[in-house]
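For reference, the chains in residue letters:
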Amino acid sequence: MNQPCTTCTGGSVNDAVPGNDDSTPSPSRRSVLRTTAGVAGAGLALGALSAAPATAAGHPASAADPAAAPPPRQGATMAGVPFERRSTVRVGIVGLGNRGGSMIELFLAVPGVHVVAVCDPVRAKAEAAAAKVVAAGQASPAVYAGGDHAYEQLCARNDVDLVYVATPWDLHFEMARTALLNGKHVGVECPVAMRLEELWALVDLSERTRRHCMQLENCCYGRNEMRVLRMAHAGRFGELLHGAGAYNHDLRSLMFSPTYYEGPWRRLWHTRLRGDLYPNHGFGPVANYMDVNRGDRVVSISSFGTPALGLAEYRQTHMPAGDPSWKETYIESDRTISMVRTARGRVIRLEHDVSTPHPYSRINSLGGTKGVFEDYPARIYIEPDHRNHQWGDFSAYAAEYDHWLWKEHANPPGGHGGMDYVMVYRLMQCMRLGLVPDFDVYDAATWTAPVPLSHLSVKAQGAPVPIPDFTRGEWRKARAGVDSERPVE
């Protein structure tokens, strides 16, 4: 069921680095596409990573210091807060490129969901998405394609319950922020933001506005991941000790493709940061296994990076002289390996490698005092079921431990083995029935924190960097998550 990630490697067509504070207007997305290549390299975003804008969403400058005590809570916790019950969920979609363009069909496939607005700066993509809505038998949605800030108009509508953001990473924070400030719940593709102060700002905004800001991590809903989760919670692995997750996916040809991404936004991040650019696919599932933010929390990360050679070698072989990519200097480690420590003494290994040749793997491993599971390929060894150091058949545990979502949706539509649909179905179900979401803004911030913090650790030659407690102490309370009970409709 685990398949290489293809559609998730692309957002929409915009590309910009948001301004450092509310008084600084963001540059045009297309102007950044034209000019960034000329200045890409050592200084483009490294300083911005540690700079803490005192005016950004009203957050204090100390928020950028991972070792600082959590700033005072600006509103009540969002842990355990249910959605408002509604008969129909009205969705606005921002970003209709590789990811958003495919996900719209899954929203349309879920009963009780109406897509009421779509947004993309490329009008043809927005109109093609609108045509899919009409073809599904729904009213023609509002189309926003009038410039870089058209998403603001979508977020301001009074008939949108959830804003779904599937754009380039640079834009996630500002779009999520705008949705929250307009009183909308928001679901964001990975990663939710790129800087530590932005993560804190989203936590604060979610608490102040009483709206959920969720990292829509589809891998948490993979069939294997959900089966391992239920087995872990049933005690089949004993006391949990270690886990591992990764995003090891050879993206070289896609990052240099002139058509797959509209603009070089993803490749340019390799000129800015040295650490794990995309931890969520591996981190989210393992965090769920270990009840991170629900009885345990992650406290530090130590990251190590190899030299950055892969993209330059690929460019040397495949890109013609004069291509804009020749102005770029890559600093992102070809492979980043991070060790994350939890408050209960567990260890999580994260890996990231998108610039060298290798088969796809998210690793997806969990071990405890009674045995271990490892994926790619899926195999298991737990006592007393297995012996003589021989791996067992993981499929033998499907009947007992498959999650109810996978029992009810055995052949879901969509990509990535069906996990995308299961994720959308479950989120829409929670919103319709007024349930607590399976994950919240604290999970979004935690799963994304390795982006800026692994960069700092790699620069410090692997020195441990504290991971903030975004829950401000709520992690000590056990509560439900993705391992949910089937609700009564």
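Each remark here, short or long, concerns the structure printed above.
Calculation criteria
Residues numbered from 1 in each chain as written. Predicted model: local features only at pLDDT ≥ 70, side-chain atom pairs only at ≥ 80, totals over all residues. Heavy atoms only, no water. Pairing = 2+ DSSP bridges. Helix = DSSP H or I, 4+ residues; strand = E, 2+ residues; numbered from the N terminus. Contact = heavy atoms within 4.5 Å. Axes fitted to C-alpha atoms, helices over the stretch in contact; angles between N-to-C directions. Parallel < 35°, antiparallel > 145°, perpendicular 65-115°, else oblique. Left-handed = near helix turned anticlockwise from the far one by under 90°. Nonpolar A, V, L, I, M, F, W, Y, C, P; charged D, E, K, R; others polar. Patch = residues over 30% accessible without salt bridge, like charges linked within 9 Å, V, L, I, M, F, W, Y side chains within 5 Å. Areas by Shrake-Rupley, 256 points an atom, 1.4 Å probe, with all protein chains shown as cover. Salt bridge = Lys/Arg side-chain N within 4 Å of Asp/Glu carboxyl O. Buried < 20%, exposed > 50% of the residue type's maximum accessible area, 1.4 Å probe, protein only.

**Some remarks on the sheet that holds strand β9 (residues 336–342)**
(1) Moving on: The strand order β13-β12-β11-β7-β10-β9-β8-β14 describes an open sheet built from 8 strands, whose pairing is mixed. What marks the edges here is a single partner per strand, and that holds for β13 (379–382) and β14 (465–466).
(2) Moving on: As paired elements, strand β8 (residues 298–305) and β14 share 2 bridges and run antiparallel to each other. In the sheet register, I301 faces β14, and the bridge partner there is V465.
(3) Moving on: Helix α17 (residues 450–459) contacts β8, β9, β10 (347–353) and β14 of the sheet and is inclined by roughly 55 degrees relative to β8.

**Overview of the packing of helix α3 (residues 98–109) against helix α15 (residues 419–433)**
(1) Moving on: Where α3 contacts α15, the axes come no closer than 9 Å and their chain directions differ by 55 degrees. Our classification of the angle between α3 and α15 gives oblique. As for the relative orientation of α3 and α15, their crossing is right-handed in sense. Judged by residue contacts, R99, M103, L106, F107 and A109 of α3 engage D420, Y421, M423, V424 and M428 from α15.
(2) Moving on: A breakdown of the residues in the contact of α3 with α15 according to their chemical character gives 8 nonpolar, no polar and 2 charged.

**What about the sheet that holds strand β2 (residues 113–119)?**
(1) Moving on: Strand order in the open sheet formed by 6 strands is β3-β2-β1-β4-β5-β6, with parallel pairing between adjacent strands. The open sheet is flanked by β3 (142–144) and β6 (213–215), the only strands paired with a single partner. Sheet twist, expressed as the mean angle between neighbouring strand axes with direction ignored, is 25 degrees.
(2) Moving on: Inspection of the sheet shows strand β5 (residues 185–188) paired to β6 by 3 bridges, in the parallel sense. By the bridge assignment for β6, G187 is matched with M214.

**Here we look at a nonpolar patch on the surface**
(1) Moving on: Together, I337, M339 and V347 make up a nonpolar patch on the protein surface, roughly 190 Å² of accessible area in all.
(2) Moving on: As for its placement among the helices and strands, M339 is situated in strand β9.
(3) Moving on: Classification of M339 as partly exposed rests on a relative accessible area of 32%.

**A look at the pattern of salt bridges**
(1) Moving on: Scanning all chains against the criterion turns up 36 salt bridges.
(2) Moving on: R90 is the partner of D161 in a salt bridge, and the nearest nitrogen-oxygen pair spans 3.0 Å. Placement of the pair is D161 in the loop between α5 (150–156) and β4 (162–165) and R90 in strand β1 (residues 89–94), with a sequence separation of 71 residues.
(3) Moving on: Judged by relative accessible area, which is 8%, D161 ranks as buried.
(4) Moving on: For R90, a relative accessible area of 30% puts it in the partly exposed group.
(5) Moving on: The salt bridge partner of D420 is R99, with a shortest N-O separation of 3.0 Å. Residue D420 is found in helix α15, and its partner R99 is found in helix α3; the two are separated by 321 residues along the sequence.
(6) Moving on: Residue D420 is classed as buried on the basis of its relative accessible area, which comes to 2%.
(7) Moving on: Its relative accessible area of 2% is what places R99 among the buried residues.

Scope: geometric values only; no functional claims are made or implied.
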